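Topology and contacts: notes
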Amino acid sequence: MKPFMRPVDRGRLAPVGWVAEPAGLWGGKQVEVVYDPRRHQLVRTDSDIGDRTRVALGTAGFRRVASAGEQELWVRDRVEAARAALDSTQARNHPQRVAGLGR
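Criteria and cut-off values
- Residues numbered from 1 in each chain as written.
- Predicted model: local features only at pLDDT ≥ 70, side-chain atom pairs only at ≥ 80, totals over all residues.
- Heavy atoms only, no water.
- Pairing = 2+ DSSP bridges.
- Helix = DSSP H or I, 4+ residues; strand = E, 2+ residues; numbered from the N terminus.
- Axes fitted to C-alpha atoms, helices over the stretch in contact; angles between N-to-C directions.
- Contact = heavy atoms within 4.5 Å.

**Details of the sheet that holds strand S4 (residues 40–45)**
An order of S4-S6-S5 is seen for the 3 strands of this open sheet, with the pairing classed as antiparallel. At either margin of the open sheet sits one strand with a lone partner, and together these are S4 and strand S5 (63–68). Between one strand and the next, the sheet's axes are offset by a mean angle of 15°, whatever the strand orientation. Pairing geometry for S4 and strand S6 (residues 71–77), over 6 bridges, is antiparallel. Bridging across to S6, His40 finds its partner in Asp77. Sheet contacts for helix H1 (residues 50–59): S4, S5 and S6; angle to S6, the most-contacted strand, approximately 20°.

What follows is the structure, encoded as structure tokens:
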């Protein structure tokens, strides 16, 4: 399950271990974001962050999951980010065979 936003006047149920935190005004309505703090990292912006910052967030493993005007919500799954970093490290550090050495 992915993090989500909901109006604060909705029901308070969330998956076990997840939290609901106030996220302020979003599109003119008071909302909260519901997520698993052990697994997800969130970035919420209220003004235009520019393309350089968007690229940096994407490179760091964040995905934009919602936007309203200049407001944006970005989420990074810590497990997926760790796996991607490990895969990248393993690909760079894979030993190469040198001709004439070994078998």
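Picking up where we left off.
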